[in-house]
Amino acid sequence: MNTRKKGAAYEQVAAAYLQKHGVRILERNYRNRRGEIDLIGKDGEYTIFIEVKYRKDDDKGNPAEAVNFAKQKTICKVADYYRMTHGMGEFSAVRYDVVAIEGEIITWYKNAFAHIYT
């Protein structure tokens with residue numbers, strides 16, 4: 001399985017997990033010229049921007065650690081554009097989450113990082 005197919009498969013796993021925990025998925029693989037966000041959902045009052053990371057084991061570290069500062073900055077830029085094009089005010093409740101999948105273990109990090117202003 002190539003990397004893109006593997007990523008799509010685990011994004012589907014993450015989406016199903018989140019839906020089981022009450023999240024309504026609004027977008028999958030949302031892209032604009034600034035980058036991409038794996039999943040966008042609604043969790044109560046929050047619009048959540050979700051990065052999904054998978055590792056088959058911990059040989060290369062915890063998958064959540066792969067969401068470094070540069071990746072966070074990209075996610076925030078894409079989220080800002082999404083919010084602007086969807087009429088969300090600057091005071092809308094948003095959250096940046098990470099779903100880390102390591103083997104069969106799924107960990108959902110709510111509010112994994114704060115918005116990065118650029």
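Residues numbered from 1 in each chain as written. Predicted model: local features only at pLDDT ≥ 70, side-chain atom pairs only at ≥ 80, totals over all residues. Heavy atoms only, no water.

Core analysis: the biggest nonpolar cluster contains 16 residues, and Ile 37, Ile 40, Phe 49, Ile 75, Tyr 96 and Phe 113 have the highest contact counts within it. Of all the secondary structure elements, the ones that give two or more residues to this core are β2 (35-43), α2 (69-85) and β4 (94-102). Ranked by residues supplied to this core, first place goes to α2 with five residues. In contact with Phe 49, not counting residues within four places along its chain, are Ile 37, Leu 39, Ile 40, Ile 75, Ala 79, Tyr 82, Arg 83, Val 94, Arg 95, Tyr 96 and Asp 97. Counting residues in each nonpolar core, the second largest holds 13 residues, with Tyr 17, Ile 50, Val 99 and Trp 108 among its members. (Core = buried A, V, L, I, M, F, W, Y, C linked by side-chain atoms within 4.5 Å. Buried < 20%, exposed > 50% of the residue type's maximum accessible area, 1.4 Å probe, protein only. Helix = DSSP H or I, 4+ residues; strand = E, 2+ residues; numbered from the N terminus. Contact = heavy atoms within 4.5 Å.)

Further remarks concern the confidence of the model for the chain. For the chain, per-residue confidence averages 90 on the pLDDT scale, and 91% of positions sit at 70 or higher. Per-element mean pLDDT across the chain ranges from 86 in helix α1 (residues 3-20) up to 97 in β2. (pLDDT = per-residue confidence, 0-100.)

This part is about the pairing of β4. Taking burial as the measure, the nine residues of β4 include seven buried ones, the bulk of the element. Sheet analysis places strand β3 (residues 46-55) next to β4, joined by nine bridges and oriented parallel. Bridging across to β4, Thr 47 finds its partner in Val 94. Relative to strand β5 (residues 105-109), β4 runs antiparallel, the two being bridged by five bridges. Across the sheet, Glu 102 pairs through a bridge with Ile 105, a residue of β5. Hairpin connection of β4 to β5: two residues between the antiparallel strands, including Gly 103 at a positive phi of 65°. (Pairing = 2+ DSSP bridges.)

According to the stated counting rule, one finds five aromatic pairs in the structure shown. Plain terms: the ring middles of Phe 49 and Tyr 96 are 5.7 Å apart, the flat faces sit at 25° to each other, and that makes the pair stacked. A residue pair is termed long-range when its members are at least 10 positions apart, and Phe 49 in strand β3 and Tyr 96 in strand β4 qualify at 47 residues. With a relative accessible area of 0%, Phe 49 lands in the buried category. Taken together, the aromatic side chains of Tyr 30, Phe 49, Tyr 82, Tyr 96 and Phe 113 make up a single cluster linked through ring pairs. Over the ring of Tyr 46 we find Arg 95, and its NZ or CZ is 5.3 Å from the ring centre. If you follow Lys 110 out to its NZ or CZ, it ends over the ring of Trp 108, 4.5 Å from the centre. (Phe/Tyr/Trp six-rings, centres within 6.5 Å; stacked < 30°, edge-to-face > 60°. Lys NZ or Arg CZ within 6 Å of the ring centre and 35° of its normal.)

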